[in-house]
Each structure stands twice: as C-alpha cells, then as structure tokens.
Amino acid sequence: MTDFTLVDPKGWEYDLHSIYSAYIGYFQIYNIPWYERSWGHLFESFEAFLVFSWPVITVTDAWTSRAHIVTRLNSLGAFLKMIKTRFGETLPQAPNILQVTPFETANRHLRHVSDYASYKKLHSTLPAALLSALKSRVRTGQPQAIKELWDKKDKTFLAIDFVWSERNEKSVLEWGYAAVRCGHLEALGHWPPVPDTNYRKGHYIVAEYADKVTNKYCPNHPWQYAFGESQVAPKARLPQIVQAVISLASPDSETTANHLVLVAHNAQGSLARLEEMKIKLPHNMLVIDTMIYERALYLSGHRGAMLDPKTDKPRVGGSNLSLENLLYSFTLPFVPSSSTAGLDKQLVLQQAQQQIPIVLPKCTLHNAGNDAFMCLFALQKLLAPVGTTVPSLKKTRSNKSPMANMNAVAAMGTGTEALGMLSPMININSNGASPTMLYSGCTLASMAPSPSAAASMPRSSSAYDLAAEFGQMRLSMSMPRGNPGGAYLAAPVTTRPDSKRFNSFSGASGSGLK
C-alpha cells in the first residue's frame, strides 16, 4: 500500500473478491478436492488468496453505481501461471467472475494488496469513491442517478437564482430561492410535493440597485415576484441571507452525500456568485443543473421529438434549452423521436401518457424569485410528470417599486389612466389547438388593495399547509409601546401595501419550509 502510481481504469474490470468466490464455487460444482492439492493453501481463506499481491484500483460500476476493488485479466493470468510454474498443475479460469464497467475515465491510484489488513484499509475508501462518482453523475445530468435521488424521498432540494448586472457580473441585483423538504413530507404522508403549499420560497432585491440598475439585453423585473412578497435587503446583508438558507445543509462528509441538493438552471453563473460571496458549499453537496439534466433526458429519448424554439427546426441532440423554453416544452404534447425507436412500445406509451400538455401560470421570468420557483417546479415535473400540480400565483399585494406606485397614484388622482408596464411573460394559449408561447407584454399595473381589504384577505388553506410552522409573524411597527410581548404574534393590519421591509415575511403565500 506504500506505492503510488496512476493507471488508466480501462481494462480494470474484474472484482477481486469475486475471483476468489468464483473459484470456491467452481471447486464445489466440479467436486474438486482443492484442500488436497499442493496449491490448496492459496484458497484456504481470502486472506491467503491475497498473498499473491494483487494489483488493484477502486472504481464504480457504470451500470449499478456500486463501488468495487478490481484487477485486470492479465493479473489473473499471472496468478494461474504462478500455480502452473510452482506446483505443476493447470488451473482454468473460473466462470461467473463479476465484471464491472468502470464509470471513471480519469487515471486511478494503483495499489498492491498482499494481506487482509491492506485490503480492509482499501475497502474502507469505497464509500468515498462512491460519493465522488455520484457527484459526477449528478453533475453530468445522468437520469438514473438524479431519479434515484428523488425516489429516495429523503433529500431537500434547494433551487436558487441570481440576477446580476450586465455591466458588472459581480453586482448582484436580486436573489431568489425555492426549496422542498422531501424527507419531511414523506414522513407526514404528503407525496408528491404540492408547489403551492410545500415549497419554501423567497425573493430579495438589493436596495442599492433597486430602480437604479436595469439590464438592457436581458431585462430584469425585480418587482414582478409572483409567488409571494419581495423583500428589500442591503447589499452587505445579502451574503448573510444566502448563507442562512445554504445552512439547511447537513454536515460535510467524505463518505455520504449531503441531505441538501442544490438546483439551478445553467448553474455555472449561480455557483460563481456564491464563490464571490465567499459562501463555501459542503464538499459532499450534490448540484443538479436542470439544463444539463433536460438535455440528457432528450438525448436518451425520454422527452420525445421537439422543435427548437429559437429556429422552429427539429431540435439538435446536444442543444440546451433556456428555462423559458424548458417551461414551454411542458405545454407541448409528446411526439416519439428516433431515440425512442429502440425503446419498448409500452414504455413509449407510458411516456406519452405522462407528458400531457399543461397550462403554466402567467408569471414574469428574469425575476430571481420566479426563476428559482419555476426551476424547482421544472425539476419536479421532469422527475415526476404524473402528480405534479401546476403552481398558482400567490401575489396578493402590489410588488411594484415605491416610485412606480407613487406615479400610478398620482396619475389616477389627476384622472389619468394608470400606465401599465410591458414585460415578457409566459402566456399559454389553450383554445383547443396545440399550446403556443406568446412572448408579448401585458398590462401589469393594478390598484393596490385598501388596508381594510388587505386585512380581511383569507389565508390560503389546504389539507397540508405549514405556513405557520416557520413563524409567519411580523412585528407591527404601529403597536403602542405598552403592548405586551404576546401581541406581536398577531399579523399587523396592513397600512402600507407597497412597503418593503427587510425583516418581514410574506403572509398569505407562506414562506415556511414545507
């Protein structure tokens, strides 16, 4: 175990322990009295079998995802040649030796195992090798690996999205997140997750850039958060807020995957922003890129044939879809492609039944909160097409900037019709024909509800709504000083529907982790 050499894993495909077990089975089937032979001491135990000093590496099987200690075929040939040379007997190659297909392609560390102590030490590293391979599988969007993560129902999936300035990518304008705690839902018997009630979500606007920095080529819409109430936070506080959400992760480990799985669409940019904020992710955290995952599903034929939304021509196999186009693909019926030709007809029929066109909510994209929420929904829709409900808009109060609200009130006060903001939105037309995407603007300006109306709005309710579990409480800034502490547990009467407070939580939408 003291040597250190790197070798190409190609050709290292014979599990070392299975070689020993295959020969013991071979002797038993053919009634060979191996214990009476001159070479019989080599098979008295697995420890005696290791005395040959086997060259081995650790790999994971590309098909079963299991970790193995493997050797090469020529090493087995050298072992049989040693028996013939030293003892004068020819021993054939035993059948039923477990062969694996190494998932790893990079060079691996070569070790020589000559006793059970060294084998046991090397065997203890298999969980770390399995975790490393799992991280690579998930990062490359392997459908089987990601599907297994979801089916275990014990992970928390956290989708994040940043909006930054086109002039300076280090200037973050918005941050949004959405999370679903699958282990908690499974324990309570609520599965699959319902986006409206089981997603924790949030949207933060950087105060220093609000209404001051606007992107030109890919316009941002910070005040159009559709699933709750946006919160305005100072630039210096944003890393602290992000770190608090990332801290939902379990402790770091070299052998087991983290309970928190990070999700993003085209995750490279979001990971770069986290690094700039000096937010370190646990080494064992898995990262799912929905763009890469969808591409892998399309290449394997699980998404059928589709047109490229950019060119209206048949989509190329290795092409990527933006989040907008990915959501648009859910509105299209399943069409078998050439990739599905080799699949079972029953499986193709099942895929067609699962991918029934849906009607998406009319929410504005290029808003960090909306993008994160719809990214998590898209992942769940790809993993569980049947049973995943379409989210509904939860914005009950105006989320526009204070300046826009003042202008609208002034215009209405003079008898002038309020001006609407034109924003690109997901607009699904389901009039009996195939659903289509309309990238057009629509009037978003609306009168904010009166304080009495806002106070009387009913809270959302369902069979499973943990909106109050994480403290849907806000401190009333208008309460008398002599008010007892218990009075702060009640939601205050809304006096400024357009106010944005950094230390407030959304009320009706619910932002608790469910």
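One structure accompanies this document, and this report is about it. (Residues numbered from 1 in each chain as written. Predicted model: local features only at pLDDT ≥ 70, side-chain atom pairs only at ≥ 80, totals over all residues. Heavy atoms only, no water.)

Focus: the overall build of the protein chain
Check the secondary structure of the protein chain and you find 16 helices and 13 strands. Within the protein chain, contacts between residues separated by at least 24 positions form 74% of all contacts whose residues are at least 6 apart in sequence. When the accessible surface of the protein chain is summed, it comes to about 25700 Å², and 56% of that surface belongs to carbon and sulfur atoms. (Helix = DSSP H or I, 4+ residues; strand = E, 2+ residues; numbered from the N terminus. Contact = heavy atoms within 4.5 Å. Areas by Shrake-Rupley, 256 points an atom, 1.4 Å probe, with all protein chains shown as cover.)

Looking at the sheet that holds strand β4 (residues 67–72)
Read across the open sheet, the 5 strands follow the order β1-β5-β3-β4-β2; overall the sheet is antiparallel. Bordering the open sheet on either side are β1 (5–7) and β2 (12–15), each of which pairs with just one other strand. Taken pair by pair, the neighbouring strands of this sheet meet at an average axis angle of 55°, ignoring direction. Looking at chain direction, β1 and strand β5 (residues 108–113) are connected through 3 bridges and run antiparallel. Residue pairing in the sheet places Val7 in a bridge with Arg108 of β5. (Pairing = 2+ DSSP bridges. Axes fitted to C-alpha atoms, helices over the stretch in contact; angles between N-to-C directions.)

Describing the nonpolar core
Within the largest apolar cluster, 44 residues are counted, with the highest numbers of intra-cluster contacts made by Phe157, Ile288, Leu327 and Met374. By residue number, the principal contributor to this core is helix α14 (residues 368–383), which donates 9 residues. By size, the runner-up hydrophobic cluster in this structure holds 31 residues, among which are Tyr14, Phe49, Met82 and Val113. (Core = buried A, V, L, I, M, F, W, Y, C linked by side-chain atoms within 4.5 Å. Buried < 20%, exposed > 50% of the residue type's maximum accessible area, 1.4 Å probe, protein only.)

Focus: helix α4 (residues 116–123)
When α4 is considered as a whole, its buried residues turn out to be Ser118, Tyr119 and Leu122. Angular distribution of buried residues about the axis of α4 spans 100°; they occupy a single face of the element. Opposite the buried face of α4, at more than 90 degrees from it, the exposed residues are Ala117, Lys120 and Lys121. Contacts made by the buried residues of α4 are with α1 (16–29), α2 (46–49), β3 (54–60), β4, β5 and α5 (126–139). Among the residues of α4, the N-terminal cap falls to Asp115, whose side-chain oxygen and the backbone nitrogen of Ala117 are separated by 3.2 Å. (Arc of directions from axis to C-beta. Polar contact = N/O pair within 3.5 Å; in protein donor to acceptor, adjacent residues only side chain to side chain.)

Examining the pattern of salt bridges
For the structure on display, the rule yields 8 salt bridges. Residues Asp151 and Lys147 are paired through a salt bridge, measuring 3.6 Å at the closest nitrogen-oxygen approach. With Asp151 and Lys147 both in helix α6 (residues 143–152), this residue pair falls 4 residues apart, about one helical turn. Exposure remark for Asp151: the relative accessible area of 41% places this residue in the partly exposed category. When the shortest N-O distance is used, the salt bridge between Glu294 and Arg315 registers 2.8 Å. A residue pair is termed long-range when its members are at least 10 positions apart, and Glu294 in helix α11 (residues 290–299) and Arg315 in the loop between α11 and α12 (323–329) qualify at 21 residues. One exposure class covers both Glu294 and Arg315, and it is buried. The structure contains a network of salt bridges with shared partners spanning Glu169, Arg273 and Glu276. (Salt bridge = Lys/Arg side-chain N within 4 Å of Asp/Glu carboxyl O.)

Some words on the packing of aromatic side chains
Aromatic ring pairs are defined here through the distance separating the ring centres and the angle between the ring planes. Enumeration according to the criterion identifies 31 aromatic pairs in this entry. Look at Tyr26 and Tyr30: their rings are 5.0 Å apart centre to centre, the planes differ by 50°, and that puts the pair in the tilted class. Take Tyr26: its relative accessible area is 15%, and that puts it in the buried class. Sitting above the plane of the Trp164 ring, Arg273 keeps its charged end 4.5 Å from the centroid. (Phe/Tyr/Trp six-rings, centres within 6.5 Å; stacked < 30°, edge-to-face > 60°. Lys NZ or Arg CZ within 6 Å of the ring centre and 35° of its normal.)

Here's the deal with the packing of α11 against α14
Where α11 contacts α14, the two axes come as close as 11 Å, and the packing angle between them is 25°. Viewed along their axes, α11 and α14 adopt a mutual orientation that is roughly parallel. Where α11 crosses over α14, the two elements pack in a sense that is left-handed. Seen from α11, the contacting residues are Thr290, Tyr293, Glu294 and Leu297; seen from α14, they are Cys375, Leu379, Leu382 and Leu383. (Parallel < 35°, antiparallel > 145°, perpendicular 65-115°, else oblique. Left-handed = near helix turned anticlockwise from the far one by under 90°.)

A closer look at the sheet that holds strand β8 (residues 200–206)
On the basis of which strands lie adjacent, the open sheet formed by 6 strands has the order β9-β8-β7-β6-β10-β11 and mixed pairing. A strand with exactly one partner marks an edge of an open sheet, and here the two such strands are β9 (231–233) and β11 (286–289). Each strand axis lies, on average, 25° off the axis of its neighbour in the sheet, ignoring direction. Sheet analysis places strand β6 (residues 156–164) next to strand β7 (residues 172–181), joined by 9 bridges and oriented antiparallel. Pairing of Phe162 across the sheet is with Trp175, part of β7. In the packing of α11 onto the sheet, contacts are made with β10 (260–264) and β11, and the angle to β11 comes to roughly 65°.

Considering the environment of Ala236
For Ala236, the position within the fold is in the loop between β9 and α9 (238–246). Taking the C-alpha atoms as reference points, Ala236 and Glu208, separated by 28 residues in sequence, lie 9.8 Å from one another.

Describing unusual backbone geometry
For the bond from Trp191 to Pro192, the omega torsion is 0°, close enough to zero to count as cis. Inspection of the secondary structure assignment puts Pro192 in the loop between α7 (182–187) and α8 (195–198). Positive phi, close to 60°, is recorded for Lys153, a residue that is not glycine. Mapped onto the elements, Lys153 comes out in the loop between α6 and β6. One non-glycine residue, Lys278, lies in positive phi territory at about 60°. Topologically, Lys278 is positioned in the loop between α10 (267–276) and β11. By relative accessible area, which is 72% here, Lys278 ends up exposed.

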